[in-house]
Amino acid sequence: NYMKDYYSQWLNNVTVIPNYMPKSWLDRYYDEERLAKNYTLNIKKRKKPRVLYAASGAHFDIAGRNKNQDDFSHIAEVVRKTCNEIQWVFIGGYPPYMKDLLDNKKFEFHPWKWIPDYPKLIHDLNVNMTIAPLMDNTFNRCKSDLKFIEAGAFGLPCVCQDMVTYSHAQHKFTTGDELIDNIRNIVKDKNTYMKACRKAREYANTRWLEDHI
């Protein structure tokens, strides 16, 4: 709707259609027993939740033209500080100004898969939740909430940037410290975590493509 309002300055009768997920693509991996098992393995035994950020290089100042200011830069410091507490997992791209952490195996990086195999990649990584940071600007306000609903398809809680893009998200943050507080609160006990998983899936169930054709 933000994009609709933006273009309505110059065009009449602008409509927008939300992003919807095909069930045949993303509705094969929701498994509460697996979510509970991954909680026990990663958080109870290893004491280190696995937190995913799936993002292309377009989210990062790859060429250094913006003085390392991008969709991730406002949380970069806190990610550095919490590498021993949280297993950060990146798919697709990672901030070039954090390559030293990758070189020292402080976070995981996995390249993109062919799009039909993307859901299985996330499934096989056994992550406990995802994040969706964004720089607050017009371009990002016009984006869809795809990262949020994709996570929900797996039953994964997603901690989203507190902006209009993610108005439906259950967990939101503005600063890096707020992001970490959200992560800690979600995984503080198994009951709280499983409730967050079910709530994430509940909203994702409203966004299947086949239900909106």
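In this report, the structure presented in the accompanying data block is examined. Because the structure is predicted, anything quoted here is derived from the model rather than measured.

This next bit is on the nonpolar core. Core analysis: the biggest nonpolar cluster contains 64 residues, and F72, W88, I131, I183 and Y193 have the highest contact counts within it. If you tally residues by element for this core, the top one is helix α10 (residues 190-204), at 6 residues.

Another point: the environment of Y203. Its location among the elements puts Y203 in helix α10. For the pair Y203 and P157, spaced 46 residues apart in sequence, the C-alpha to C-alpha distance is 11 Å. Y203 has contacts with D145, F148, I149, H168 and Q170, leaving out every residue within four places of it along the chain.

Looking at the secondary structure, you find D70 in the loop between β1 (50-55) and α4 (73-81). Notably, D70 is buried but unbridged: the nearest opposite-charge side chain belongs to K143, and the N-O separation is 11 Å. In terms of polar contacts, D70 uses its side chain to reach the backbone amide nitrogen of D61, at 2.8 Å. At a separation of 2.8 Å, a polar atom in the side chain of D70 contacts the side chain of Y97. Every residue in contact with D70, bar those within four places of it in the chain, is listed here: H59, F60, D61, Y97 and M135.

Strands sit in the order β3-β2-β1-β4-β5-β6 across an open sheet of 6 strands; the sheet is parallel. The sheet terminates laterally at β3 (108-110) and β6 (171-173), the two strands that pair on one side only. Between one strand and the next, the sheet's axes are offset by a mean angle of 25°, whatever the strand orientation. Two strands pair when backbone bridges link them, and β1 and strand β4 (residues 129-132) are joined in this way by 2 bridges, in the parallel orientation. Bridge pairing in β4 places V51 opposite M129.

Cut-offs and rules
Residues numbered from 1 in each chain as written. Predicted model: local features only at pLDDT ≥ 70, side-chain atom pairs only at ≥ 80, totals over all residues. Heavy atoms only, no water. Core = buried A, V, L, I, M, F, W, Y, C linked by side-chain atoms within 4.5 Å. Buried < 20%, exposed > 50% of the residue type's maximum accessible area, 1.4 Å probe, protein only. Helix = DSSP H or I, 4+ residues; strand = E, 2+ residues; numbered from the N terminus. Contact = heavy atoms within 4.5 Å. Lys, Arg positive; Asp, Glu negative; His and termini not counted. Salt bridge = Lys/Arg side-chain N within 4 Å of Asp/Glu carboxyl O. Polar contact = N/O pair within 3.5 Å; in protein donor to acceptor, adjacent residues only side chain to side chain. Pairing = 2+ DSSP bridges. Axes fitted to C-alpha atoms, helices over the stretch in contact; angles between N-to-C directions.

Remember, this is a structural readout, not a statement about activity or role.
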